[in-house]
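# A look at the structure
Below, each chain spelled out in residue letters.
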Amino acid sequence: MAALSILVFPGSNCDHDAYHAVKHVMGLDARFVWHKETDLGDTDVVIVPGGFSYGDYLRCGAIARFSPVMRSVVEFANKGGLVLGICNGFQILLESGLLPGAMLHNANLKFACKRVNLRVESSDSPFTNAFTKGRVVNVPIAHGEGNYVTDADGLKALEDHDQILFRYCDADGSVTDASNPNGSLSNIAGICNRGRNVMGMMPHPERAMEAAIGGTDGRLVFASVLAALGSPQPA
Amino acid sequence: MYTAIIQITLRPSILDPKGKAAGEALSHLGYDAISNVRIGKYVRMSVAAGSEAEAHTLAKEACEKLLANEVMEDFTITIEAA
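Residues numbered from 1 in each chain as written. Chains lettered and ligands numbered in written order. Predicted model: local features only at pLDDT ≥ 70, side-chain atom pairs only at ≥ 80, totals over all residues.

### Describing the sheet that holds strand E2 (residues 41-47) of chain B
Note: strands within a sheet are paired through backbone hydrogen bonds, in either parallel or antiparallel orientation. Residue and element names in this part refer to chain B. For the record, the criterion: In short, DSSP must find at least two bridges between two strands for them to pair. The numbering of helices and of strands both runs from the N terminus, where a helix is a DSSP run of H or I of at least 4 residues and a strand a run of E of at least 2. Whenever a helix is involved, its axis is fitted only over the stretch in contact; in every case the axis is a line through C-alpha atoms, and angles between N-to-C directions fall within 0 to 180 degrees. Contact between residues is assigned whenever the C-beta positions, reconstructed from backbone atoms, fall within 7 Å.
In space, the 3 strands of this open sheet follow the order E2-E1-E3, with antiparallel pairing throughout. The open sheet is flanked by E2 and strand E3 (73-81), the only strands paired with a single partner. Each strand of the sheet is rotated relative to its neighbour by a mean of 20°, with strand direction disregarded. Pairing between strand E1 (residues 2-10) and E2: 7 bridges, direction antiparallel. Residue Thr 3 lies in a different strand from E2, and its bridge partner there is Ser 46. Packed on one face of the sheet, helix H2 (residues 52-67) meets E1, E2 and E3 and runs near 150° to E3.

Encoded structure:
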């Protein structure tokens, strides 16, 4: 059975959401890994969860990236291990250099907490292979700093290498300014690295797992990961 | 012992939403002469070093490694004898 490690930093607050999604909804082996640990043990996937690690002091994720466990995460990623950063986890992966770019305050300075539509821009990744390219999915966001930025060369590199996995869009799948909740460059909601084994996204797939709380589109991210690992899908 | 005074600002090409909001508020207050408001960070720290140059090198390293994110920020360092 696939084993997923969920990192816990001081200030993480979506670690239990991720654990619930993986363990109880997907029925997989999940465990928490405290940020002071230096050994990830036997793990197939590392989830860097959302929250406010270190109170978002200095910059979101800037201090968490130096937590002892992150050295093991970088090693794990460099060996091809799957790493999924959600929200603050995405910010930590940007700060750690595992993903390119940086995150600014939302352009309107408001904390955005709502459900948004995302267009799947690429199904060629271990995190999106269960989606059809172009499909529109509905997933919640909850962040104050999700305004992704990189320079012109950085954006071109992301596009040239098919690294943009999700863009904010309207219900019809049109990528518009009105559907961009935070001012993110080119409506970017999620990207992967060049090796495609590290993904960061601001929206919360782990909070879109059960119809009773609004939708199940997030399950496809975890189903993709299982497919990539060659693990059986839950019933 | 030296004191390093560091100013970190968003690069000119990067939108500064906080600076923009403060700038608009100043404009509403009637300060027509004020524009281009940019908000950054001020860091002051003591540095034990044998020379001003060494203190500067250490402060620069601290900025590059942690205090600033050079994807979006610039920094300036001033070293004073403490």
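So that's the structure; there's more coming.
### What to know about the interface of chain B and chain A
Quick reminder of the rule: Any residue outside Ala, Val, Leu, Ile, Met, Phe, Trp, Tyr, Cys, Pro, Asp, Glu, Lys and Arg is labelled polar, Gly included; the first ten of those are nonpolar and the last four are charged.
Tallying the contact residues gives 9 residues for chain B and 11 residues for chain A. Along the lines of polarity and charge, the residues of the side of chain B that touches chain A split into 7 nonpolar, 1 polar and 1 charged.

### Quick word on the environment of B:Pro12
Examined against the element boundaries, B:Pro12 turns out to sit in the loop between E1 and helix H1 (17-28). In this structure the C-alpha to C-alpha distance between B:Pro12 and B:Ala81, which are 69 residues apart in sequence, comes to 30 Å.

### With respect to the confidence of the model for chain B
For clarity, the cut-off: Confidence of the prediction at every residue is given by pLDDT, a number between 0 and 100.
Per-residue pLDDT for chain B averages 96, and the proportion of residues at 70 or more is 100%. Here the prediction assigns the complex a pTM of 0.94, and the interface score ipTM is 0.85.

### Some thoughts on the environment of A:Gly190
All names here are of chain A. Looking at the secondary structure, you find Gly 190 in strand E10 (residues 188-192). For the pair Gly 190 and Ser 96, spaced 94 residues apart in the sequence, the C-alpha separation amounts to 16 Å. If we ignore the near neighbours within four places in the chain, the residues touching Gly 190 are Leu 165, Phe 166, Met 199, Gly 200 and Met 201.

### Quick look at unusual backbone geometry
Residue and element names in this part refer to chain A. Cut-off, in case you're wondering: Residue burial is a threshold on neighbouring C-beta atoms within 10 Å of the residue's own C-beta, all placed from the backbone, with 20 or more meaning buried, 12 or fewer meaning exposed, and counts in between meaning partly exposed.
A positive phi angle, close to 60°, is found at Cys 87, a residue other than glycine. Among the structural elements, Cys 87 can be located in the loop between strand E4 (82-86) and helix H3 (88-95). By C-beta crowding, Cys 87 is classed as buried, having 29 other C-beta atoms within 10 Å. Phi at Arg 196 is positive, roughly 70°, even though this residue is not glycine. Relative to the elements of secondary structure, Arg 196 occurs in the loop between E10 and strand E11 (198-201).

### Things to note about the nonpolar core
Under the convention used in this document: Each nonpolar core consists of buried Ala, Val, Leu, Ile, Met, Phe, Trp, Tyr and Cys residues. Their C-beta atoms, within 7 Å, join them into a set.
Residues A:Val83, A:Leu93 and A:Leu118 are the most contacted members of the largest nonpolar core, which totals 76 residues. At 6 residues, helix H5 (residues 219-229) of chain A tops the list of elements feeding residues into this core. When residues no more than four places from it in sequence are discounted, the contact partners of A:Leu93 are A:Val48, A:Val83, A:Gly85, A:Leu98, A:Leu99, A:Val198 and A:Gly200. Among the nonpolar cores identified, the runner-up in size contains 10 residues, and B:Tyr2, B:Ala4, B:Ala55 and B:Ala59 belong to it.

### With respect to the sheet that holds strand E9 (residues 164-169) of chain A
Residue and element names in this part refer to chain A. Across the sheet, 9 strands lie side by side as E2-E1-E3-E4-E11-E10-E9-E6-E7; this open sheet has mixed pairing. Two strands close off the open sheet at either side, each with one partner strand: strand E2 (29-34) and strand E7 (136-143). Averaged over neighbouring strand pairs, the angle between their axes works out to 25° when direction is ignored. Here 4 bridges tie strand E6 (residues 112-120) to E9, and the two strands are oriented antiparallel to one another. Paired with Leu 118 across the bridge in E9 is Tyr 168. Across the sheet, helix H2 (residues 68-78) is in contact with strand E1 (3-8), E2, strand E3 (45-48), E4 and E11; its angle to E4 comes to roughly 125°.

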